[in-house]
Structures are given as C-alpha cells and as structure tokens.
Amino acid sequence: MAARELALTALLLLGVSLVVFVILNLSPGDPFSVLLEGQAPGHAARASVHEALGVPTTWYGRYLAWLGNIARGNLGTSIRTGVPVAGEIARAGPNTLYLTLGSLLVTLLLAVPVALYSASRAAGALARGLRLAVYLVSAVPVFWLGYVVIYLFIHRFGVFPLLSGSAEPARHGWLYGLLPIVVLGVANGTVSEVTRHLRGELGRVLTEDYIRTARAKGAPVWRHAFKEGFLLPMTEMIASKIPFVIGGAIIVEQVFNWPGLGRMVWQAAQDRDFPVIMGIALVAAAFVRLASLLRAVIYAGVNPRTATD
Amino acid sequence: MRRYRESTGEVAERSERSRWRAATLTDRAAIGYGLLVVGLVAVSYVLGAVGWLPDDPSRMDMARLNAPPGAGHLLGTDFLGRDILSRLIVGIQAYFLPGLLAVAISLALGITGAPAIASIIAGKIQFLRQKSFIEAAHVLGLPTRVIVAKHILWYNCAPLLIIQATLGMGEAILVETSLSYLGFGVQEPTASWGNMVQAGANYFFHGKFWPSTAPALAILGTILGFHLLGDGLNRLLEPKSAS
C-alpha cells in the first residue's frame, strides 16, 4: 500500500514536471535570450551560450539532463543568478508555507461557524444573511482586496511603513505579516464552497438513523456526528482547495511584496528562468499530493473499508 | 416534463412549476440575480464581438484621465483616458469562450474538475439504478444503453450537469482574471478584467480608486452571479441530494 502510493507520487511528479517543461519550451522566449538581451544574438551566439553553460540544444535533451540532476537530488542552479535552486526554495518556502497554512486557517475560521450555525435547526434570517455574506466574500478578487487593505493600513492610517523588505525591523512587523494572511484567507474564493459542503454534509448526517438513535438514547449528538459530518467534509475541502490557496498565494505575495515562492516563481517567469520554475512547480505538486495523501489516511482512519483499495 | 423525487421512502412525482413555487424567496432571488448576470454577460459578449460599443476601447482621451463615472464616459476612464465601460465589455472576450471550452472539456472528457463531477454522477447513477422506473424500463425491454443515456443521464443528470457547468464557469472567470492580473493572460493594450485592475494599481494608492475598482466590481458581481445561480439551481432541482 505504502509502496504503491509512493510510486504513484513519483509518477505524478514526473508527469507534472514533463508537462511544465513542455509548456515552458513551447512558450515564447527562453532564459538564454534573456541573458543575451539587447545584444541582438545571432544563431552562433546562442549556440556558444548553450555550449558555455553545458546545455543540450534539444528540449528532450535538456529535460533528461534536468531529470538526471533531480535523480541525484540536485534541483540545478538559477540561470539568472547562478544560485542553487534548492537553497532558494528552502529560504523562501517557509514564508509561503506560513502564508498558505495561515490563510487556510482564516478560511476555516470564517466558514466553519457559518456552516455549523446554518446547519443547526435555529437557522433563520441571520443564517441567510451570513450565507449571503459568505458568497459575497468569496467573489471578491483577492488582488483588489489587497489594494484596499494596503491603502487603508499603509497610506491612510499609516499603521505600517511603506516598505516591508528593508533591513531594519519594521514597526509592527508581525502584524504586517498578518495582513496578507487575512486577505488571502478571506478572498481566495473558496469560503462559500467550504461553507456549502460542510453545511450540506452535516445537515445530511444529522438526519441519519444512527444520529436519531443517539438522540433517543440521550447520547451527545455532536460526538456521533463528528467523524462523518465534520471531519470528512473538512478533510475533503482542505485537500481539494489547496491548489486555489497556492494560486492565490502567488497573487498575494505579488501584491504585498511577500518574499515567498509565489513571488519567486513570478519573477522567474518574467526571466524565463526555467530551473527555478521547474523546482517550484515540483514543490507545489508535492504539497498538493501530500494533502491528498493526508485525506486518504484520514478517510482510511474513519472508515477502514476504504483502506483496502 | 416530470421528474421523480424520493421523499419519505416513496417515489413522488413533481412537475417543474411546483418546484419553482415551493422554492424559498431567497432561492428565487439568488437564481433571478444569477440569470440576470448570465444574460448580461452573454449580451455583452455578443456586443463586444460585433463591435457595438459605447466608445472605441483603445481611444485615448488625454483631457480626461482617471475620470469618475459621468456623462460622456458612463463608467469613467482609465489612466490613458480610455472608456472603462467599453473595455469592460470587450474584456469579456478574454474569458467567455475559453471558459465555456474549459467547462465543456471538464464535463465531457474530464481534465480539470472532472474527478469531482464524475464521482457525483456515479453516485447519482448508483442511486437511480434501484428506482422502480428504471426497473420498469428494463422490464419493458429497453436496451441498457438507452436507459443509461436517456432515462438516467438526460432526464435525471441534466440538472446536475447544468449546476456543475455554472459553478465551473465561475471558477474559470476566477482563473482567467488572476492570470491576466499577473500578466500571463491577455496583454495590454487588449482589455481583460484582470489586467484592468492591475493597470489601475498605481493610481489606486494615490486616491484614484475607480479605474481598479470598476473591473474588480465587475469580477465580484459576475462570479457572485454564477455561484448563486449554481447553488440556487442545486437546491431547486436536487433537493436533499441522493445519499
């Protein structure tokens, strides 16, 4: 079982890397013309750069070379800066992890109370109002919300200094770190679906026979409904919404000048810095895969029958 | 047309009309707003495609940069004095057909959201197979493929597909606006809602909110409409989804 999942993961990452590599090679521009920018490079100049950097001229040659390095645990070096990609990812990765996990928490803090409240029997006008608010919030474009927050907190009220990347420790630094997390958590576009799914599943479970039995016995209902009505839908939503949170993180890091993988990959895309893009794509795919493995583990824990296949 | 619905263990018949009548006011409002948005987007798409616009979306009016909404430019102008309303209408081109295509592919073949949709439909088929009208169709001697295609997929899963398509379109708009915001989609000077927000960013921080906010509100209102329509239809057509 574990070996099979591991093999599947490796296959998935291989597929992702191949697709990203092909897309990069099909899109206009390559890192070497960025290096030779402004020099009107001829064919000979290109060939000499390829040779000087020891890069195969065909795309599959370059892919196989990259793959060979990966097999030896080497993510390569950035073409733009010459710095090892692995080190850069290790440096910026924690920032992005902090941002994505933090904003996932914010999303859940918004969605769960609304879902629980509107799944309970007391649901009325207030629950409808809350649900509408949740829909409204999910439709807000995250970049625009970022502008509004930056304008209010930095330009209008002056709570934070204008630049966050300076060497001296910024005033209210830790608080400034909370802004992008809250913005991404609120406006990553998943709050309404998390609420809807959780509310639907919980509502369905609460009408099941075993809950009626529990109620009749006077046993605590929430303890019986917890696994199927809360844990499973939560796991499902977290695992399936992680790609959206990662996508939102690229935007939010851009808007807030947050030194994470999202800004790094955006910059690398501008420079056509293929090794950096490939490395980050690999890390992101592994992260998404990890979330779905976690979901499988939790499902198997709740319902051992699903573990057999 | 009649559909079958299970309630308290018995299969009951309900017509479309009574379903709409039984819907809550909130659901009706949600579906009404959603249909309004879908209609507006579709009409605007056609207007943009044939070029019936209030103004040329690339004509610069240097006398009126970042103008607020008013006479002459109904929704104001951007940082180059271009008419925002015209650019919003033209910007629909950026996601309309790609979005439809993405939704169609994911429904038919199954690339993006397909595992989710496929499992929903599989569950639904499992549920329907035990129903007596399917048994009746078998007894009447209809071939299995006709039963699956017509009685299960068309009569009973069509609403499900419409709902998924509606929600999928909202997702497609989110993806397109994000990409063009980041500069990976439609490029200036061609308009898309995402790059319009981005183009107005510098002016936003100097108090000229409108050029960024207008396209942002367009995104907000449209995605909201698709979500409300999808979920409203879901509650109307699939009450207490099959377990």
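Computed from a predicted model, the values in this text were never measured in an experiment. For every chain, the first residue of its written sequence is number 1, and the numbers climb from 1 along that sequence. The naming scheme follows written order: chains are lettered A onward, ligands numbered 1 onward. With pLDDT at 70 or above as the cut-off, local features in this predicted model cover only qualifying residues; side-chain atom pairs require 80 or more to be listed or tallied, and sums for whole chains, interfaces and linings still use all residues. The side-chain quantities take in all heavy atoms of the structure and omit both hydrogens and water.

Trainee: Mind showing me how you'd approach the nonpolar core here?
Mentor: A general tendency of soluble globular proteins is for nonpolar side chains to be buried together. Val-142, Phe-143, Tyr-147, Val-255 and Phe-256 of chain A together with Trp-193 of chain B are the most contacted members of the largest nonpolar core, which has 63 residues in total. It only takes one pair of heavy atoms within 4.5 Å for two residues to be counted as in contact. Non-local contacts of Val-142 of chain A, meaning those with residues more than four positions away in its chain, are made with Val-183, Leu-184, Ala-187, Ile-251 and Val-252 of chain A. To define a nonpolar core, start from buried Ala, Val, Leu, Ile, Met, Phe, Trp, Tyr and Cys residues and group those joined through side-chain atoms within 4.5 Å. Exposure is judged per residue with a 1.4 Å probe applied to protein chains only, and the accessible area is read against the type maximum: over 50% gives exposed, under 20% gives buried, and values in between give partly exposed. With 21 residues, the next largest nonpolar core counts Met-264, Phe-274, Ile-280 and Leu-282 of chain A among its residues.

Trainee: In this structure, what is going on with the interface of chain A and chain B? I would like to understand it.
Mentor: Facing 25 residues of chain A, the contacting portion of chain B comprises 28 residues. By buried area we mean how much accessible surface two parts lose on assembly, using a 1.4 Å probe and totalling the loss over both. Taken together, both faces of the contact between chain A and chain B bury some 2,500 Å²; the carbon and sulfur share is 73%. By definition here, a salt bridge exists when the distance from a side-chain nitrogen of Lys or Arg to a carboxyl oxygen of Asp or Glu is within 4 Å. One can count one salt bridge joining chain A with chain B. Across the salt bridge formed by Arg-196 of chain A and Asp-231 of chain B, the nearest N and O atoms sit 3.0 Å from each other. Pairs of N or O atoms are called polar contacts if they sit within 3.5 Å, as long as, within protein, a hydrogen donor faces a hydrogen acceptor (for residues adjacent in sequence, only side-chain-to-side-chain pairs). Summed over the shared surface of chain A and chain B, the number is six residue pairs in polar contact (both at pLDDT 80 or more). Put simply, DSSP H or I for four residues or longer makes a helix, DSSP E for two residues or longer makes a strand, and each gets a number counted from the N terminus. Broken down by secondary-structure element, the contributors of at least two residues to the side of chain A that touches chain B are helix H6 (125-139), helix H7 (142-156), helix H9 (191-206), helix H11 (221-256) and helix H12 (261-271) of chain A.

Trainee: Help me understand the environment of Val-255 of chain A, please; the structure alone is not making it clear to me.
Mentor: As for its position among the elements, Val-255 of chain A is in helix H11. Residues Val-255 of chain A and Gly-146 of chain A, 109 residues apart in the sequence, show an inter-C-alpha distance of 6.5 Å. Residue contacts for Val-255 of chain A: discarding those within four places in its chain leaves Phe-143, Gly-146, Tyr-147 and Ile-150 of chain A together with Tyr-181 of chain B.

Trainee: Help me understand the side chain of Thr-190 of chain A, please; the structure alone is not making it clear to me.
Mentor: Within the secondary structure, Thr-190 of chain A sits in the loop between helix H8 (173-187) and H9. When residues no more than four places from it in sequence are discounted, the contact partners of Thr-190 of chain A are Thr-107, Lys-241 and Phe-244 of chain A.

Trainee: Please clarify how unusual backbone geometry should be interpreted in this entry.
Mentor: Negative phi characterises most residues that are not glycine, and trans characterises most peptide bonds. Looking along the chain, the bond that leaves Glu-188 of chain B and enters Pro-189 of chain B is cis, with omega of 5°. When you line up the elements, Pro-189 of chain B lands in the loop between helix H7 (144-182) and helix H8 (193-199). Although it is not a glycine, Asn-257 of chain A sits at a positive phi angle of roughly 55°. Mapped onto the secondary structure, Asn-257 of chain A falls in the loop between H11 and H12. Take Asn-257 of chain A: its relative accessible area is 40%, and that puts it in the partly exposed class. Residues other than glycine seldom take positive phi values, yet Asn-66 of chain B does so here, at roughly 50°. What makes Asn-66 of chain B buried here is its relative accessible area of 12%.

Trainee: Looking at this structure, how should I read the confidence of the model for chain B?
Mentor: Predicted coordinates in areas of low pLDDT are best not read in detail. All names here are of chain B. Every residue is assigned a pLDDT by the predictor, reflecting its confidence on a scale from 0 to 100. A residue-level look at chain B finds 77% of positions with pLDDT of 70 or above and a mean pLDDT of 80. The low-confidence segment residues 1-13, where pLDDT is below 50, has 26 contacts with residues more than four positions distant or belonging to other chains. Within the model, pLDDT remains below 50 along residues 110-114, and this stretch shows seven contacts once partners closer than five positions in the same chain are excluded.

Trainee: What exactly am I supposed to notice about empty space enclosed by the protein here?
Mentor: Unfilled space is identified by rolling a water-sized probe across the atoms. Only protein atoms enter the calculation, which uses a 1 Å grid: trapped sets of points that fit a 1.4 Å probe without letting it out are cavities, open sets showing protein on both sides within 12 Å along at least five of seven lines are pockets, and any residue with an atom within 4 Å of a point is a lining residue. Grid points are joined across faces, edges and corners, and a volume is the space filled by probe spheres set on the points. Applying the stated criterion across every chain yields a total of three cavities of 30 Å³ or more. Of the volumes computed, that of the largest cavity is approximately 60 Å³. As for the largest cavity, its lining consists of Asp-78, Arg-82, Ile-84, Arg-87, Glu-188, Met-196, Ala-199, Gly-200 and Pro-211 of chain B. Secondary-structure elements contributing two or more residues to the lining of the largest cavity are helix H3 (84-91) and H8 of chain B. Three classes are used: nonpolar for Ala, Val, Leu, Ile, Met, Phe, Trp, Tyr, Cys and Pro, charged for Asp, Glu, Lys and Arg, and polar for all others, with Gly counted as polar. Of the residues that constitute the lining of the largest cavity, the class distribution is four nonpolar, one polar and four charged. Counted as a void, the second largest cavity has a volume near 50 Å³. Forming the walls of the second largest cavity are Arg-131, Val-134, Tyr-135, Ser-192, Thr-195, Arg-196 and Arg-199 of chain A. Where the lining of the second largest cavity is concerned, the elements lending two or more residues are H6 and H9 of chain A. Counting residues per element, the lining of the second largest cavity draws most heavily on H9 of chain A, at four residues. Partitioned by chemical class, the residues of the lining of the second largest cavity number two nonpolar, two polar and three charged.

Trainee: Just checking my understanding: could you explain the pattern of salt bridges for this structure?
Mentor: Should the charged atoms of two oppositely charged side chains come close, the side chains can pair. With the rule as written, the count across this model stands at 16 salt bridges over all chains. Note that Arg-235 of chain B and Asp-27 of chain B form a salt bridge whose closest N and O atoms lie 2.8 Å from each other. With Arg-235 of chain B in helix H10 (residues 210-237) and Asp-27 of chain B in helix H2 (residues 25-50), the pair connects residues that are 208 residues apart, well separated along the chain. Residue Asp-27 of chain B is classed as buried on the basis of its relative accessible area, which comes to 9%. A salt bridge links Glu-188 of chain B to Arg-87 of chain B; its shortest N-O distance comes to 3.6 Å. Here Arg-87 of chain B lies in helix H3 and Glu-188 of chain B lies in the loop between H7 and H8, a separation of 101 residues in the sequence. Via salt bridges that share partners, Glu-201, Arg-204, Glu-208 and Glu-228 of chain A belong to a single interconnected network.

Trainee: Could you clarify how one ought to interpret the packing of aromatic side chains in this entry?
Mentor: Two aromatic rings are characterised by how far apart their centres lie and by the angle between their planes. In this analysis, rings of Phe, Tyr and Trp, with Trp reduced to its six-membered ring, are considered paired at centre separations within 6.5 Å, and the interplanar angle assigns stacked below 30 degrees, edge-to-face beyond 60, and tilted for intermediate values. By the definition in use, this model includes 15 aromatic pairs over all chains. Seen in terms of ring centroids, Tyr-147 of chain A and Tyr-181 of chain B are 6.3 Å apart; in terms of plane orientation they differ by 55°. Their pairing is tilted. On the criterion of chain membership, the pair formed by Tyr-147 of chain A in helix H7 and Tyr-181 of chain B in helix H7 is interchain, its members lying in two chains. By the burial criterion, Tyr-147 of chain A is buried, and Tyr-181 of chain B matches it. Considering the side-chain rings of Tyr-45 of chain B and Phe-96 of chain B, the 4.2 Å spacing of their centres and the 15° angle between planes classify their relative orientation as stacked. Of this pair, Tyr-45 of chain B sits in helix H2 while Phe-96 of chain B sits in helix H4 (residues 96-108), and the two are 51 residues apart along the sequence. We classify Tyr-45 of chain B as buried; its relative accessible area is 15%. Cluster of aromatic residues (ring-pair linked, three or more members): Phe-143, Tyr-147 and Tyr-151 of chain A together with Tyr-181, Phe-204, Phe-205 and Phe-209 of chain B.

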